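Below are the chains, spelled out letter by letter.
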Amino acid sequence: MKNSASKSTPLPDITLDDIGGLPEEMKEEIHQTLSIIKDPKRASQVGIQAPKGILLYGPPGTGKTLLAQAIANEIGATFYSSSGSAFTELFVGVGASRVRTLFQNARKQRPAVIFIDEVDALAGKRKEHGGEESEKTLTEVLVQLDGGNDNEGILFIAATNRKDMLDEAFLRPGRIDYTFNVPLPDTNGRREIIDIHTKGRLLADEVYASLDVLAESTSGFSGAELSSLFETASKRAIRDGREEIGKGDLDFAIDRTILGSTSRALNDP
Ligand code: ATP
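Please read all numbers here as calculations on a predicted model, not as lab measurements.

Peer 1: Tell me about the site of the ligand, and name the residues and values.
Peer 2: Within the structure, the ligand sits among 17 residues, and Gly-20, Gly-61, Lys-64, Thr-65 and His-197 are positioned closest to it. In this structure, a nitrogen atom belonging to the ligand sits 2.8 Å away from a main-chain N or O atom of Gly-20. Here the ligand has 630 Å² of accessible area as a free molecule, and 77% of this is covered by the chains. Every element with two or more residues in the shell around the ligand is listed here: helix H3 (64–74), helix H8 (187–198) and helix H11 (223–239). Its residues assigned to classes, the shell around the ligand shows 5 nonpolar, 9 polar and 3 charged.

Shown next, in the form of structure tokens:
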């Protein structure tokens, strides 16, 4: 097998506290879901089944991967992370065989989280998806998700920016039990994310004092873009031999992020 879709992935030390801007009711639901997973016997006494599958959907860079990592850490699970595109192949049966191997490997390492980003590439609507290979791969995903007792201790988490593209059969309860919308952060959410990404960085007083305004003026920015702002500003300060991020560094980073060319700017300032 040429790709590493079926191997476990090192799990960064991410907790739910490292994710900013999640709506309160969503955090509440996630905590409840985690308590069910952690104590399935108690949950089943009150008639609640541990979830088998969770879908996270929302715009790029809003923290869906972080959330999957935090959930895996929270339940002490081995993490199997892959992208839906790692299963799309030309030869009929190859994608399906990768899906099977992935689940088989995860079952040897319970508790395990299987995280599939861009799941629309793997579980897209059949008629739009087309092709025998993708049909077979999707069927295998459904078979594996229906694995019954075999799936005890396995949590499947899928993420997508295109929920509308997903096959109905894939979304059926018992396969996907919880669906969470992970939205772009609002002003308060951006402020939380800014706090997370400025922790441990030295900021000039002037920058520190402007963080509320920054949160207000970055409407439409994702968590990934806010993180990249401080990463870019930090690199510029270091490059100029300064320890503190100054106003000029942040303005530079904002301009570059708005222009969408952060990395190019650093290579060619
Ligand atoms: P994609 O849909 O493109 O796969 P994603 O929603 O999975 O994106 P992540 O990969 O989780 O986004 O985020 C990328 C990086 O952006 C994170 O490692 C983190 O540094 C930062 N980030 C994104 N969202 C948040 C958030 N809500 N809180 C804190 N940091 C965030």
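Peer 1: Could you give an account of helix H12 (residues 247–259), naming the residues involved and the relevant values?
Peer 2: Owing to its 3.6 residues per turn, the α-helix brings residues three or four apart onto one side. Taking 1.5 Å of rise per residue, the 13 residues of H12 would be expected to cover 18 Å, and the 18 Å separating its terminal C-alpha atoms lies within 8% of that figure. Those residues of H12 that fall on the buried side of the exposure criterion are Asp-249, Leu-250, Phe-252, Ala-253, Ile-254 and Thr-257. Of the residues flanking the end of H12, it is Gly-260, one or two places downstream, whose phi is positive at about 70°.

Peer 1: Run through the pattern of salt bridges, naming residues and quoting values.
Peer 2: Tallying each qualifying case throughout the model produces 13 salt bridges. Here Glu-74 and Lys-38 are joined by a salt bridge, their closest N and O atoms 3.3 Å apart. One end of the pair, Glu-74, is in helix H3; the other, Lys-38, is in helix H1 (residues 24–38), and 36 residues separate them in sequence. For Glu-74, a relative accessible area of 32% corresponds to the partly exposed category. In this structure, Arg-242 engages Asp-249 in a salt bridge whose closest nitrogen and oxygen atoms are separated by 2.7 Å. Salt bridges sharing common partners tie together Arg-236, Arg-239, Asp-240, Arg-242 and Asp-249.

Basis of the calculations
Residue positions are counted from 1 within each chain, in the order its sequence is given. Per-residue local features are limited, in this predicted model, to residues with pLDDT of at least 70; the limit for side-chain atom pairs, both in listing and counting, is 80 or more; totals at the level of whole chains, interfaces and linings are taken over all residues. Water and hydrogen atoms play no part in the side-chain values, which are based on all heavy atoms of the structure. To be near a molecule or strand, a residue needs just one of its heavy atoms within 4 Å of it. The term polar contact refers here to a pair of N or O atoms within 3.5 Å; inside protein, the definition further demands a hydrogen-donor-capable atom paired with an acceptor-capable atom, and it admits residues adjacent in sequence only when both atoms are side-chain atoms. The protein chains shown are the only cover counted for residues, whose accessible areas, like all others here, come from Shrake-Rupley with a 1.4 Å probe. Labels follow the DSSP assignment, with helices taken as runs of H or I lasting at least four residues and strands as runs of E lasting at least two, numbered in each case from the N terminus. We call Asp, Glu, Lys and Arg charged. Ala, Val, Leu, Ile, Met, Phe, Trp, Tyr, Cys and Pro are nonpolar, and the rest, Gly among them, are polar. Helix span, as expected, comes to 1.5 Å for every residue beyond the first. Any residue under 20% of the maximum accessible area for its type is buried, any over 50% is exposed, and the rest in between are partly exposed; the area is computed with a 1.4 Å probe on protein chains only. We count a salt bridge whenever a side-chain nitrogen from Lys or Arg sits within 4 Å of a carboxyl oxygen from Asp or Glu.

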